[in-house]
Each structure stands twice: as C-alpha cells, then as structure tokens.
Amino acid sequence: MKIAFISDIHANIHAFESVLKKIKKEKVDRIIFLGDASTLGTRPVETLDLLQSLKCDCIMGNHDDFMVDPAKIYAYTKDKLVIDTVEWSRARHEQRHIDFLKTFKKDLRVPLTSCVDIFCYHGSPLSNMENVKPDSTMESFANLSNDTKDTIFIGGH
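Residues numbered from 1 in each chain as written. Predicted model: local features only at pLDDT ≥ 70, side-chain atom pairs only at ≥ 80, totals over all residues. Heavy atoms only, no water.

*Asks:* Explain the pattern of salt bridges to me, using residue names and the numbers behind them.
*Replies:* Scanning the model with the defined rule gives 11 salt bridges in all. With its nearest N and O atoms 2.5 Å apart, the salt bridge here joins Asp-57 to Arg-30. In this pair, Asp-57 sits in strand 3 (residues 57-58) while Arg-30 sits in strand 2 (residues 30-33), placing the two residues 27 residues apart along the sequence. When its relative accessible area of 18% is taken as the criterion, Asp-57 is described as buried. (Salt bridge = Lys/Arg side-chain N within 4 Å of Asp/Glu carboxyl O. Helix = DSSP H or I, 4+ residues; strand = E, 2+ residues; numbered from the N terminus. Buried < 20%, exposed > 50% of the residue type's maximum accessible area, 1.4 Å probe, protein only.)

See below:
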C-alpha cells in the first residue's frame, strides 16, 4: 500500500496543488493529512476546501485547533504577528469550514502489515502543541507502541 503523508500546508494553495500533482503521479492508495491546514498563508479558504475534497483522514494540528478554539493560541504563543495572522485566517472561514476542522482526529493508527502499524499525530504523540525534538526520549513513545506489532511514528509540526 502506498500512503502519502501531507503536513503543514498553512494555506499555501500553490504548494499544496503541486504536492497533489506529485501524489497523483505516484498513484498512492491513501492520503493522510497530519495537520495545520489553513492559517499563516494567503489562501486559507481555498486550501481547506481542497483538503476537504480529498476526503482523506485528517489529524488536528495546533493551528487547526486555533481555528476551532480561538483561545488556544494565547496558551501557545504571545507573538502578535502569529496571533494576528491566525485571526485573519479565521475571519475568512465560514461555519462549514470550522465544522470540517472539528472532524479532524487527535491521532490515527493505520495497520500497514500484520506486523507493523503506523501511528500518525501532529506535534507529539501526546499533544499537537508539543514538539518531538532530537533529544526526545523513547519513553514518550513507549506507551503508544502496540504490544503485538512494531509501530512507525509519523508526525507533522
């Protein structure tokens, strides 16, 4: 099975369309979006509409969370430019966009083979606000591993 993972589009419709052209060429079986769809860039509505048209699994990124729950950005950052840009993006969305964002999952486990599964998330396996860093310990992943399978962890951010 060929799976394409897309993450952190951030309302860049041109880059998103380019990636989708490559995915189409590769003839993937499944697309999984790992979060952060429609903030920071200049085309939030078009980007979210295109993502919704794919009917793929979507993981809730921290910026998607900011669209659904505006107060969350203030716990994440004090950077006025980021806050203003997120608010600008939110102002362009209709309720149908927010409703679509609310369907995004916290995480997703995908069976790959009888011995391997994939755990998809945004940020870290525990929170879309955190980061997995080079010095992150394996213990932070241990409780999310499957006892009967090897687990591949794939995240955005």
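What follows picks up the thread again.
*Asks:* Quick rundown of the nonpolar core? Include the residues and the values.
*Replies:* Counting 23 residues, the largest nonpolar core has Ile-6, Ile-31, Phe-33, Leu-48, Leu-51, Cys-58 and Phe-104 as the members making the most contacts within it. Sorting the residues of this core by element identifies strand 1 (3-6), helix 1 (13-26), strand 2, helix 2 (44-54), helix 3 (62-68), helix 5 (80-92) and helix 6 (95-101) as the ones contributing at least two each. Beyond its immediate stretch of four places on either side in the chain, Cys-58 contacts Phe-33, Leu-51, Phe-100, Phe-104 and Lys-105. (Core = buried A, V, L, I, M, F, W, Y, C linked by side-chain atoms within 4.5 Å. Contact = heavy atoms within 4.5 Å.)

*Asks:* I'd like a description of unusual backbone geometry, backed by residues and values.
*Replies:* Peptide bonds are mostly trans, and most non-glycine residues show a negative phi. Residues other than glycine seldom take positive phi values, yet Ala-11 does so here, at roughly 60 degrees. Within the fold, Ala-11 resides in the loop between strand 1 and helix 1. If you check the backbone angles, Leu-40 has positive phi at about 80 degrees while not being a glycine. The partly exposed category is assigned to Leu-40, whose relative accessible area is 39%.

*Asks:* I'd love a proper account of the packing of helix 1 against helix 2, names of residues and values included.
*Replies:* Direction vectors running N to C along helix 1 and helix 2 enclose 25 degrees, while the axes themselves pass 9 Å from each other. Here helix 2 runs roughly parallel to helix 1, going by the angle between their axes. Here the hand of the crossing between helix 1 and helix 2 comes out left-handed. Across from Ile-13, Phe-16, Glu-17 and Leu-20 in helix 1, the residues of helix 2 making contact are Glu-46, Thr-47, Leu-50, Leu-51 and Leu-54. Residues of the contact of helix 1 with helix 2, tallied by class, amount to 6 nonpolar, 1 polar and 2 charged. (Axes fitted to C-alpha atoms, helices over the stretch in contact; angles between N-to-C directions. Parallel < 35°, antiparallel > 145°, perpendicular 65-115°, else oblique. Left-handed = near helix turned anticlockwise from the far one by under 90°. Nonpolar A, V, L, I, M, F, W, Y, C, P; charged D, E, K, R; others polar.)

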